[in-house]
Amino acid sequence: MSALSFFSGTRLESAPPPDNVIAETRKLYRELSGAGAAPQTILHGIDLRVGRGEFLALTGASGSGKSTLLYLIGALDRQTSGEVWLDGVEIGALDDDDRAAFRNERLGFVFQFHFLLPEFNVLENVFIPMFRRGVARSEAEQRAYESLALLGLEDLWKRKPGQLSGGQQQRVSIARAVANDPALILADEPTGNLDSKNAQMVFDVFAHLAHDQGRTIVMVTHDRDFAMGADRQVALRDGHIFGEGRRGEDVMPHSIPSQRG
Ligand code: ADP
Ligand code: MG
């Protein structure tokens, strides 16, 4: 990890954000130029700050750029221009190996689909990624078990994913993201594939992690009530930030035009 401080230290033209900011994008653009297709600008110079310990919801219509922004913050994609600072490091300046190391060690991801390994039990699903990153097996198992307990899943550790409800499976994927004690948890529509009861349960888990455990979370959601339950919501439209609100404020327009098709 010494390479990281080397890289950030050489970018003198751009000062890191203050310590209480875990993630910051500066004039972030993402363009696509498909073969034969006209270039398309997906994100138009997004400036966004996420505070340490903040629970931020990213909202907006389908196609507004939420996932693209989340993947850039998560070092899963590369911007066309602009900067992404994460935990004091400008990750655009890192090569692919350093980015992957950064992602594995400091970020936790939860997606709409849980991506659990069906042939492994719940505990194995949570500890195997840590074990593969080089954490000793006994320590990885211990951390996995603690993470499952945090989510009220300790009694289910022997089960296979197929023996769990959709909401339980998604909670296991959250346990997997949390087990490594990430600096930032990124979730892309984590309730999007669940019925309303399970969606509420999963949302409550995120709220608990944020408000009782001090975790930092950026969650993409279509759900108005869930967005309003976060500390702050930032709404995107056509790759621009068009609105922002504190907890309890409604910033999503009531009829969001679909950008699809
Ligand atoms: P959201 O998550 O808000 O639904 P996305 O970030 O997935 O939006 O996509 C934003 C826009 O970028 C959409 O118009 C989408 O069609 C387009 N887009 C995203 N990724 C790709 C890609 N790999 N190829 C082509 N178009 C893409
Ligand atoms: Mg999306």
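How each quantity is defined
- Residues numbered from 1 in each chain as written.
- Chains lettered and ligands numbered in written order.
- Predicted model: local features only at pLDDT ≥ 70, side-chain atom pairs only at ≥ 80, totals over all residues.
- Helix = DSSP H or I, 4+ residues; strand = E, 2+ residues; numbered from the N terminus.
- Rg over C-alpha atoms; globule rule 2.2 N^0.38 Å.
- Buried ≥ 20, exposed ≤ 12 C-beta atoms within 10 Å, placed from the backbone.
- Contact = placed C-beta atoms within 7 Å.
- Axes fitted to C-alpha atoms, helices over the stretch in contact; angles between N-to-C directions.
- Parallel < 35°, antiparallel > 145°, perpendicular 65-115°, else oblique.
- Left-handed = near helix turned anticlockwise from the far one by under 90°.
- Nonpolar A, V, L, I, M, F, W, Y, C, P; charged D, E, K, R; others polar.
- Core = buried A, V, L, I, M, F, W, Y, C linked by C-beta atoms within 7 Å.
- Pairing = 2+ DSSP bridges.
- Near = placed C-beta within 6 Å.
- Expected span 1.5 Å × (residues − 1).
- Arc of directions from axis to C-beta.

A. View of the overall build of the protein. Counting its regular elements, the protein contains 8 helices and 10 strands. In terms of overall size, the protein behaves like a compact globule, its C-alpha atoms giving a radius of gyration of 18 Å where 261 residues would be expected to give roughly 18 Å. Along the three orthogonal principal directions, the C-alpha set of the protein runs to about 50 × 50 × 40 Å. In the protein, which comprises 261 residues, the proportion classed as buried is 41%. Within the protein, contacts between residues at least 6 apart in sequence are counted, and of these 67% link residues at least 24 apart.

B. Molecular detail of the packing of helix 6 (residues 166-179) against helix 7 (residues 196-211). Relative orientation of the contacting elements helix 6 and helix 7 amounts to 20°, with a least axis distance of 8 Å. With respect to helix 7, the element helix 6 is oriented roughly parallel. Taken as a pair, helix 6 and helix 7 cross one another with a handedness that is right-handed. Residues G166, G167, Q170, R171, I174 and V178 of helix 6 lie in contact with helix 7, whose contacting residues are N198, M201, V202, V205 and L209. Looking at the contact of helix 6 with helix 7 residue by residue, the class counts come to 6 nonpolar, 4 polar and 1 charged.

C. Looking closely at the nonpolar core. Counting residues in each nonpolar core, the largest one holds 66 residues, and the members touching the most others are I217 and V218. Looking at this core, the element that brings in the most residues is helix 7, giving 7 residues. In contact with V218, other than residues within four places in its own chain, are V50, L56, L58, L70, I73, L184 and L186.

D. Structural detail: the pairing of strand 10 (residues 240-246). With 6 bridges joining them, strand 9 (residues 232-237) and strand 10 adopt antiparallel strand pairing. Along strand 10, the bridge assignment pairs R232 with R246. Two successive antiparallel strands, strand 9 and strand 10, enclose a turn made up of 2 residues, where D238 displays a positive phi of approximately 50°.

E. The arrangement of the site of ligand 1 in detail. Around ligand 1, a shell composed of 11 residues is seen, among which I42, G63, K66, S67 and T68 lie nearest. In terms of residue class, the shell around ligand 1 is built from 2 nonpolar, 8 polar and 1 charged.

F. Molecular detail of the sheet that holds strand 3 (residues 55-60). The sheet built from 6 strands is open, its strands ordered 6-7-8-3-9-10 with mixed pairing. What marks the edges here is a single partner per strand, and that holds for strand 6 (107-110) and strand 10. Shown here is a sheet whose adjacent strand axes are inclined to one another by a mean of 20°, direction ignored. Relative to the sheet, helix 6 contacts strand 6 and strand 7 (184-188), its axis offset from that of strand 6 by approximately 170°. In the packing of helix 7 onto the sheet, the strands contacted are strand 3, strand 7 and strand 8 (217-220), and the crossing angle to strand 8 comes to about 155°.

G. Layout of the sheet that holds strand 5 (residues 89-90). One open sheet holds the 4 strands; their spatial order is 2-1-4-5, and the pairing between them is antiparallel. A strand with exactly one partner marks an edge of an open sheet, and here the two such strands are strand 2 (40-51) and strand 5. One ladder, built from 5 bridges, connects strand 1 (residues 21-32) with strand 4 (residues 81-86); its direction is antiparallel. Looking across to strand 4, one finds that A23 is bridged to L86.

H. How the structure looks around the pairing of strand 1. Both strand 1 and strand 2 contribute to a ladder of 9 bridges, which runs antiparallel. Its bridge partner being in strand 2, E24 is matched across the sheet by R49.

I. The arrangement of helix 5 (residues 137-150) in detail. With 14 residues, helix 5 extends 20 Å from end C-alpha to end C-alpha; this agrees with the ideal 20 Å at 1.5 Å per step. When we look at burial in helix 5, the residues that qualify are A140, A144, S147 and L148. Down the axis of helix 5, the buried side of the element spans an arc of 100°, and every buried residue falls inside it. With respect to the buried face of helix 5, the exposed residues turned more than 90 degrees away are S138 and E139. In this fold, the buried residues of helix 5 make contact with helix 4 (122-132) and helix 6. The first or second residue beyond helix 5 is G152, which carries a positive phi of 70°.

J. The environment of R159, seen in detail. Tracing the chain through its elements places R159 in the loop between helix 5 and helix 6. On the basis of neighbour counts, which here come to 15 C-beta atoms within 10 Å, the residue R159 falls in the partly exposed class. Counting along the chain gives 35 residues from R159 to E124, while the straight-line C-alpha distance between them is 9.9 Å. Contacts of R159, omitting those with residues within four sequence positions, involve N121, V122 and L164.

The analysis is restricted to geometry; functional conclusions fall outside its scope.
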